[in-house]
Amino acid sequence: MGIAEKVKCEGCGAPLDLKAGEVVITCEYCGTAFNIASGEDFFIKHSIIPCNYDETKCREVVKHWMASGGIKPTNLPAASKITDMGLTFLPFYVVHTNVTTIYDGVFTRTGGQKPRNGQMHREYYWKILGRRGSKFPTKEYEIPLRGKEDFNLSKIPPTAKYLNAEFDEKDAEDLARVEIQDHQKFLLSQQIDQFNKFDNDFETEDIEFVHAPIWRIDYTYNKGDYQVLVDATTGEVIRGDIPPPDASVGGFFSDLKKSIFG
Ligand SMILES: [Zn+2]
């Protein structure tokens, strides 16, 4: 199906706003999701996590974050300025899967040759962001799944936007397997230095599609541009850029005093 072709929503008949690269589209009128690439209905469960932090509450979160923590410049709350804020519902796949790793290897780091073999079972709810080339810190973000509801456009505030996914649940499962294998290997590397065998057997229970709200806050400080990401459901800072110490003399000494001399 060509991207230029007019595609109508199968739920309500409205024309869909297609953007290059997007595969799983959620209709902006009725909230129906489907797979543009395969032409099939999108059959997995689609949820949304409500936003509990509006702009005012999010500003308070950022102010509090700027004022706390010893490695931030002392005058950060007073000398910084928020230049832009945006609320976006990001598309995540949550892959619920069981993995059994069958391994055989050798522990050598203490000088000997200790054979190690066995099986390692783990159950994962692995998150995959449905966007390519994104720098979003997925690993640092715990999706607050407890608050999830069936997807409903009325849960998206008028000033917020939501992103469609650039691949479907099958690709998400493949990606999850690759990342989980890496993680299993990382766990085993505590006790194995050389692997002779590393086989992984997956059993996927289900895959969910979830839109979760994230605030992006841009701010300036000392002519530098910085960004903070806030979980709009829990109000937790997912990641925030921390500027280097204030280079002006007063600022530098007060930061030094704070960090070293207490
Ligand atoms: Zn529709």
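Here the residue numbering is sequential within each chain, running from 1 through the sequence in written order. With pLDDT at 70 or above as the cut-off, local features in this predicted model cover only qualifying residues; side-chain atom pairs require 80 or more to be listed or tallied, and sums for whole chains, interfaces and linings still use all residues. Hydrogen atoms and water are omitted, and side-chain values are computed over all heavy atoms in the structure.

A. Seen up close, the pattern of salt bridges. A carboxyl oxygen of Asp or Glu within 4 Å of a side-chain nitrogen of Lys or Arg is what we treat as a salt bridge. This model, assessed by the stated rule, comprises 15 salt bridges. A salt bridge links Lys148 to Glu208, with the shortest nitrogen-to-oxygen separation between them at 2.6 Å. Residue Lys148 is located in the loop between β5 (114-129) and β6 (149-150), and its partner Glu208 is located in strand β8 (residues 194-221); the two are separated by 60 residues in the primary sequence. Note on exposure labels: buried denotes an accessible area under 20% of the residue type's maximum, exposed denotes more than 50%, and partly exposed covers the range between, all computed with a 1.4 Å probe on protein chains only. On the accessibility criterion, Lys148 (30% relative accessible area) is partly exposed. The partner of Glu169 in a salt bridge is Lys170, with the nearest N and O atoms 3.8 Å apart. Strands are runs of DSSP state E lasting at least two residues, helices are runs of H or I lasting at least four, and both sets are numbered from the N terminus onward.

B. Expanded view of the domain arrangement of the chain. The domain architecture assigned to the chain consists of domain 1 (1-42) and domain 2 (44-259). Domain ranges listed in this record stem from an automatic or a database domain assignment. The straight-line distance from the C-alpha centre of domain 1 to that of domain 2 is 28 Å. Counting residues at the interface gives 15 residues for domain 1, matched by 16 residues for domain 2. Simply put, the buried area is the total loss of 1.4 Å probe accessible area from both parts when two parts are fitted together. Counting each side, the surface lost to burial between domain 1 and domain 2 is near 1100 Å², with a carbon and sulfur contribution of 51%. Linking domain 1 with domain 2 are one salt bridge. Here Glu22 ties to Arg131 by a salt bridge, and the two come within 3.2 Å at their closest N and O atoms. Between two residues, a contact is recorded if the distance between any of their heavy atoms is within 4.5 Å.

C. Representation of the coordination of the zinc ion in the model. Any N, O or S atom lying within 2.8 Å of the metal counts as a donor, with the limit raised to 3.2 Å for Na, K and Ca; because water is left out of the atom set, some sites can appear incomplete. Within the protein, the atoms that donate to the zinc ion are Cys9 (SG), Cys12 (SG), Cys27 (SG) and Cys30 (SG), at distances of 2.2 to 2.4 Å. All geometry calls rest on donor angles, where a four-donor set with angles between 85 and 135 degrees is tetrahedral, four- and six-donor sets with opposite donors more than 155 degrees apart and all others between 65 and 115 are square planar and octahedral, and all else is irregular. Taken together, the four donor atoms coordinating the zinc ion and their angles of 104 to 113° define a geometry best described as tetrahedral. The sequence pattern describing where the donors of the zinc ion fall on their chain is C-x2-C-x14-C-x2-C.

D. Region of the structure containing the packing of aromatic side chains. Only the six-membered ring of Trp is used, alongside the rings of Phe and Tyr, when aromatic pairs are assigned; centres must lie within 6.5 Å, and planes under 30 degrees apart are stacked while those over 60 apart are edge-to-face, with the rest tilted. Enumeration over the complete set of coordinates arrives at eight aromatic pairs. An angle of 25° between the planes, with centres 6.1 Å apart, marks the rings of Tyr93 and Phe167 as stacked. With a gap of 74 residues between them, Tyr93 in strand β4 (residues 81-107) and Phe167 in the loop between β7 (161-162) and α3 (169-188) connect regions that are remote in the sequence. Here the aromatic rings of Tyr93 and Phe209 are separated by 5.0 Å at their centres, their planes lie at 35°, and the arrangement is tilted. With a gap of 116 residues between them, Tyr93 in strand β4 and Phe209 in strand β8 connect regions that are remote in the sequence.

E. Region of the structure containing helix α1 (residues 55-67). End to end, α1 covers 18 Å across 13 residues, agreeing with the expected 18 Å (1.5 Å per residue, within 8%). Within the sequence span of α1, burial applies to Cys58, Val61, Val62, Trp65 and Met66. In an axial view of α1, the angular spread of the buried residues amounts to 130°, which keeps them on one side of the axis. Those residues of α1 that are exposed and aimed more than 90 degrees away from the buried face are Thr56, Glu60, Lys63, His64 and Ala67. Gly69 lies just past α1 and shows a positive phi near 95°. Take the number of residues in a helix, subtract one, and multiply by 1.5 Å to get its expected span. Directions are taken from the helix axis to each C-beta atom, and the arc is the one they span.

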